[in-house]
Amino acid sequence: MQLRKHAPSGALLVSLLAAPQLASAFYLPGVAPSSYKHDEQVPLYVNAIRPVAGSDAMLHSVVSYDYYHPLFQFCQPPDGPQNVGASLGSILFGDRIKTSPFELKMGLNETCKKLCEKTYQKGAALLVNQQIQDGISLNWLVDGLPAGQKIVDEMTETEFYNPGFLLGQETADGKVQFNNHYDIIVEYHQVPGSKEQYRVVGVIVQPESRGYTGAVGDDTCNMALDPVVLDETGDTKVQFTYSVYWIPSTTAWATRWDKYLRVFDPNIHWFSLINSAIIVVFLVLTVMSVLVRALKKDIARYNRLDQLNLEDLSGTSALMEDGVQEDSGWKLVHGDVFRTPKHPLLLSVFLGNGAQLFVMTGFTIAFALLGFLSPSNRGSLGTIVILLYTVLGFVGGYTSARMYKSLQGEKWRLCIILTPLLVPGIVFTIFFLLDLFLWAKESSGAVPFTTMLVIILIWFLISVPLSCAGSWLAFRAPAIEPPVRTNQIPRQIPPVTTYLKPVPSMLLVGLLPFGAIFVELYFIMSSIWFSKIYYMFGFLFLCYGLMIMTCAAVTVLMVYFLLCAENYNWQWRAFLAAGTTAGYIFLNAMIYWASKLSLGGFAGSVLYIGYSLLISFLFFILTGSIGFFASWLFVRKIYASIKID
């Protein structure tokens, strides 16, 4: 099957990162194409109704609704709406795909077909008008493609399709118009080598507000001059109609998603990313060069001093020893640096789940970057995240147990149990509580009970046993021995300077990794809350790498200064300092809430804050683990490089 772009396989990754259109929109077609004969039925499915930006460019709600919610009174199929199969990820992301009464026949143009007539009472009219003012959007699917509206980018003068279309619009004079007619424009092309097979390659819907004065016919519509305005003081009869127009297109089936996967302001995006990359790379190189030079000097002096002591020279060695101790004191704490920290069980559980998240995120971005998460497979991103996290339970259990054993923990049974239960349990509890708000609002975004049950079964039947197996193997393996012995009596820790105190150091360390990802974070937030398709995985891949580098470098630097100040309690400090990045992510979400959203209701505010906390908590575990393991490797390396009597 032909791919989206012709590129030699050896240069695939380079080409992905070399141009905005490739870095953001490379994909494999994902599913087998559906071909239709002339006059054959092409199904049109309806999806959940989602909020988008209102007339003031602000998002007023985060609650989506089922298409056939009684509030909207849309026309239904004669035999009632039927559910269309969806993946686990699609359901979790709020897709509720159902059949519709629309009849589309391949290549057959139809004008002003009657659907049904509905009467909106004043109470329903008031609520529907409010939804229109808030910017609610309808979402249809034709042959897997989202029905959207054609938009022209004023900067580049290129056309692209924006999925979804508005329920209605508010005019300049304050009137709220309700769209009751839909012009469905379907782009199709003939299958190469076949004269009777056709494929859908694009769908556009142009909604209109039409007030009918006479009977609706098959070919013409008698339209009134005034559009449909739902009366909030009485009943309003609304006639729903639609027209279908088929337009031949030269677009190949394998590239039909190109117009949907539009990168907004790609040059600005690239400029911001390159700017962040230059700053991060410069920072990391500076930190590492200073650190390496200082460490080489320290290690050489320490080893030279030990050699002199072994030769039993005169008091010169003692004077040199005192000079070295005053110059840099990280060797002074060699007998305490691997001392078991407070709460080793909790730290080990967090580290195991952090390693699990780290590997899962890397695999997910790699699959997406190589085009395996096709947008035609709705919910494939969510599905692969759940499956990878489930299968990688073995990694989490193994890492947690190995670290706990190296920290000389004794409650190994509790470690085996808590690793697959604590962090996933916190995430599931928050998710379930937020889901209760969605159920109370009768939102389609509420995850069904059966789906919840499936997730729990996957969790306990696959993830928990794999995690326990990994922990069991890790506890049977030899412990990771520290390169130096630990003294029986803990060394007294002297007071530290202001910037090395817990809160200032955490704020400084957490800020820099956040600076590497905040540009991409803006686009991800817009994709989540404004129901846009996110497919800029080339940018995301670079940002993820920059975040790892920054997180590791600044945490190692903080630990070095901490050890030089004779403070050997570095384990939790490294984890918490790197994890503070999550605090900046939550703060950024609150700023985004204040600048881009206008959530008036209590439920919407709780949902936004709750989901932001959930994402921030996962980032806390991820970045904290990156900082800890980088520091752990660094500490082991430097203390293995010196000679200890």
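Just so you know, the residues in each chain are numbered from 1, in the order the chain's sequence is written. Note on the predicted model: pLDDT of at least 70 is required for a residue's local features to be given, and 80 or more for side-chain atom pairs to be given and counted; whole-chain, interface and lining totals, by contrast, use all residues. Hydrogens and water molecules were not included; the side-chain quantities draw on all heavy atoms of the structure.

Can you help me understand unusual backbone geometry in this one?
Outside of glycine, negative phi angles account for most residues, and trans bonds account for most peptide bonds. Within the chain, Cys 112 stands out as a residue other than glycine whose phi angle is a positive 50°. Despite not being glycine, Glu 442 shows a phi value in the positive range, around 55°. Working definition: helices are DSSP H or I runs of at least four residues, strands are E runs of at least two. Numbering for both runs from the N terminus. Looking at the secondary structure, you find Glu 442 in the loop between α10 (412-440) and α11 (449-476). Since its relative accessible area comes to 52%, Glu 442 is described here as exposed. To sort residues, take the accessible area from a 1.4 Å probe on protein chains only and compare it with the maximum for the residue type: under 20% means buried, over 50% means exposed, and anything in between is partly exposed.

What exactly am I supposed to notice about helix α8 (residues 380-391) here?
Every α-helical turn comprises 3.6 residues, leaving residues that sit three or four positions apart pointing alike. The end-to-end C-alpha separation of α8 is 16 Å, in line with the 16 Å expected for twelve residues at 1.5 Å each. The set of residues buried in α8 consists of Ser 380, Gly 382, Ile 386, Leu 388, Tyr 389 and Thr 390. Only heavy atoms enter the contact rule, under which two residues are in contact if any of them lie within 4.5 Å. Looking at the buried side of α8, the elements it contacts are α3 (88-92), α7 (344-369), α9 (393-406), α10 and α11. What a helix is expected to span follows from its residue count: subtract one and scale by 1.5 Å.

Help me understand α11, please; the structure alone is not making it clear to me.
For α11, with 28 residues, the first-to-last C-alpha span of 39 Å sits near the 40 Å given by 1.5 Å per residue. The bend reported for a residue corresponds to the angle between axes fitted to the seven residues ending at that residue and the seven starting there. If you look at α11, its biggest bend is around 30°, right at Trp 459. Every buried residue of α11 is listed here: Thr 451, Met 452, Ile 455, Ile 458, Trp 459, Ser 463, Val 464, Ser 467, Gly 470, Ser 471, Ala 474 and Phe 475.

Looking at this structure, I do not really get the environment of Trp 246. What am I missing?
Looking at where Trp 246 falls in the secondary structure, it is placed in strand β16 (residues 236-248). Trp 246 sits 62 residues away from Ile 184 along the chain, and the two C-alpha atoms are 8.5 Å apart. Non-local contacts of Trp 246, meaning those with residues more than four positions away in its chain, are made with Val 42, Leu 104, Lys 105, Met 106, Gly 107, Leu 108, Asn 109, Val 186, Tyr 188 and Val 200.

In this structure, what is going on with the sheet that holds strand β3 (residues 50-51)? I would like to understand it.
Picture the strands of a sheet paired through backbone hydrogen bonds; they go either parallel or antiparallel. The strand order across the open sheet built from three strands is β3-β6-β11, with neighbouring strands paired in antiparallel fashion. Among the strands making up the open sheet, the edge pair consists of β3 and β11 (165-166). Relative to strand β6 (residues 136-138), β3 runs antiparallel, the two sharing two bridges. Along β6, the bridge assignment pairs Arg 50 with Ser 137. Here, a strand pair is defined by DSSP locating no fewer than two bridges between the strands.

So what exactly am I meant to see when it comes to the environment of Ala 469 here?
Mapping Ala 469 onto the fold places it in helix α11. When the C-alpha positions of Ala 469 and Gly 397 are compared, they lie 7.3 Å apart, and in sequence the two are 72 residues distant.

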